[in-house]
Amino acid sequence: MQNMIKKLAITGGTHGNELTGVYLINKFKKNPKLIQREGFETIIMHNNLKAMQKCTRYIDKDLNRTFKTEDLNDPNKADYEDLLAKVINAKLGPKGSEHPNVDFIVDLHSTTSNMGLSIVIDEGSKLTWQVAAYLKEMEPRVNIFRWKGDTKDVSFVNSIAKNGFAIEVGAIPQGVLRSDLFFDTEKLIHHILDFIEKLNNKKFQKNYTSIEIYDHIELLDFPRDENGDIVAMVHPSLQDKDYTKLKKGDPLFITLEGEDIIYDKDEEVYPLFINEAAYYEKGFAMCLTQKKVIKI
Ligand SMILES: [Zn+2]
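Since we're looking at a predicted model, the values are computed, not measured.

(A) Quick peek at the sheet that holds strand E6 (residues 163-170). Strand order in the open sheet made by the nine strands is E2-E1-E3-E6-E4-E5-E7-E12-E11, with mixed pairing throughout. Edge positions in the sheet fall to strand E2 (41-46) and strand E11 (270-272), since each of these pairs with one other strand and no more. Here the average twist between neighbouring strands, direction ignored, is 30 degrees. Pairing of strand E7 (residues 210-220) with strand E12 (residues 286-295) involves ten bridges; the strand directions are antiparallel. Looking at E12, one finds that Ile213 is bridged to Lys292. Helix-sheet contacts for helix H1 (residues 19-30) involve strand E1 (7-12), E2, strand E3 (104-110) and E6, and the interaxial angle to E2 is about 130 degrees. Set on the sheet, helix H6 (residues 179-200) makes contact with E1, E2, E3, strand E4 (116-121), strand E5 (142-146) and E6; between it and E6 the angle comes to about 160 degrees.

(B) The coordination of the zinc ion, seen in detail. Only His15 (ND1), Glu18 (OE), Glu18 (OE) and His109 (ND1) from the protein coordinate the zinc ion, and they sit 2.1 to 2.4 Å from it. Taken together, the four donor atoms coordinating the zinc ion span angles of 58 to 153 degrees at the metal, a pattern that classifies the geometry as irregular. Counting gaps between the donor residues of the zinc ion yields the pattern H-x2-E-x90-H. Here His109 lies in strand E3 and Glu18 lies in the loop between E1 and H1, a separation of 91 residues in the sequence. Side by side, Glu18 and His109 carry an identical accessibility label, which is buried.

(C) Region of the structure containing the nonpolar core. Counting residues in hydrophobic clusters, the biggest one holds 42 residues, and the most contacted among them are Leu8, Phe104, Ile144, Phe165, Ile167, Ile192 and Ile211. With nine residues, H6 is the largest single contributor of residues to this core. Once you skip the residues sitting within four places of it in the chain, Ile192 turns out to touch Leu8, Val106, Val131, Leu135, Phe165 and Ile167.

(D) Looking closely at the packing of H1 against H6. One way to put it is that H1 packs onto H6 with a least axis distance of 10 Å and a crossing angle of 60 degrees. Here H1 lies oblique to H6, going by the angle between them. When you trace H1 past H6, the crossing you get is right-handed. For the pair H1 and H6, contact is made by Thr20, Tyr23, Leu24, Lys27 and Phe28 and by Leu181, Phe182, Phe183, Thr185, Glu186 and Ile189, respectively.

Cut-offs applied
Residues numbered from 1 in each chain as written. Predicted model: local features only at pLDDT ≥ 70, side-chain atom pairs only at ≥ 80, totals over all residues. Heavy atoms only, no water. Pairing = 2+ DSSP bridges. Helix = DSSP H or I, 4+ residues; strand = E, 2+ residues; numbered from the N terminus. Axes fitted to C-alpha atoms, helices over the stretch in contact; angles between N-to-C directions. Contact = heavy atoms within 4.5 Å. Donors = N, O, S within 2.8 Å, 3.2 Å for Na, K, Ca; no water. Tetrahedral: all angles 85-135°; square planar, octahedral: opposite > 155°, others 65-115°. Buried < 20%, exposed > 50% of the residue type's maximum accessible area, 1.4 Å probe, protein only. Core = buried A, V, L, I, M, F, W, Y, C linked by side-chain atoms within 4.5 Å. Parallel < 35°, antiparallel > 145°, perpendicular 65-115°, else oblique. Left-handed = near helix turned anticlockwise from the far one by under 90°.

Keep in mind these numbers describe shape, not what the thing actually does.
This is how it looks when you write it as structure tokens:
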């Protein structure tokens, strides 16, 4: 298996109002020994300082959607986050190069949805899946979501490196620190660092061959009127039920007048990111996924 991670990056504040990552990076800056391990270097970084100062998700646009290779190479892309992405890419990448500056990126996020401890992986290298499987073994509450929104040229921060993923924890309101999920996230980071240390030192011989994931099917928008205004909300019986099975006939939305809207497809799905605050502007009420075991 591909191994020998020489440099890993833990980044937070990609979204300036997601404080778990912001404050974990603060903690690690004050106590660098916490993230030191034998045989590789771990760098820590706040990605969007200006958005953090304003405690807002972003200044001009979502930074975690600005890392497509074609956008990084496009001089006409010059919004605040476009330029910031180019700076981050120069520090951690460059993306797509034979030898990017870091081998692995863990990008820290939180969500207003009840996602518990989630890992978001896109294409996922062999090593990325091994780390995810180890995390799930060490912390069974971890769920893995495979994102397939833009797999040809992924726009996430972690796509700069050959390996990595985002950690998403919730439910946490924007601009809020929640101590239980703060410490849970820190524990996951320690597991990741311990695993890479063991792997680098050939002290970990196990090779995971399969993993349970929630696989992206589609992003589902709210019902809207002709002006684009939302006419129905997430149904109360579905609110906070991320990772719970939804089958034909189950309530999905409820109109402002109180009428149920039913899920009417035959396929059983598992909704994630239910009612995530940041996705209202993107036009998503939730992401429908399929639960499956994949070979890794
Ligand atoms: Zn985020």
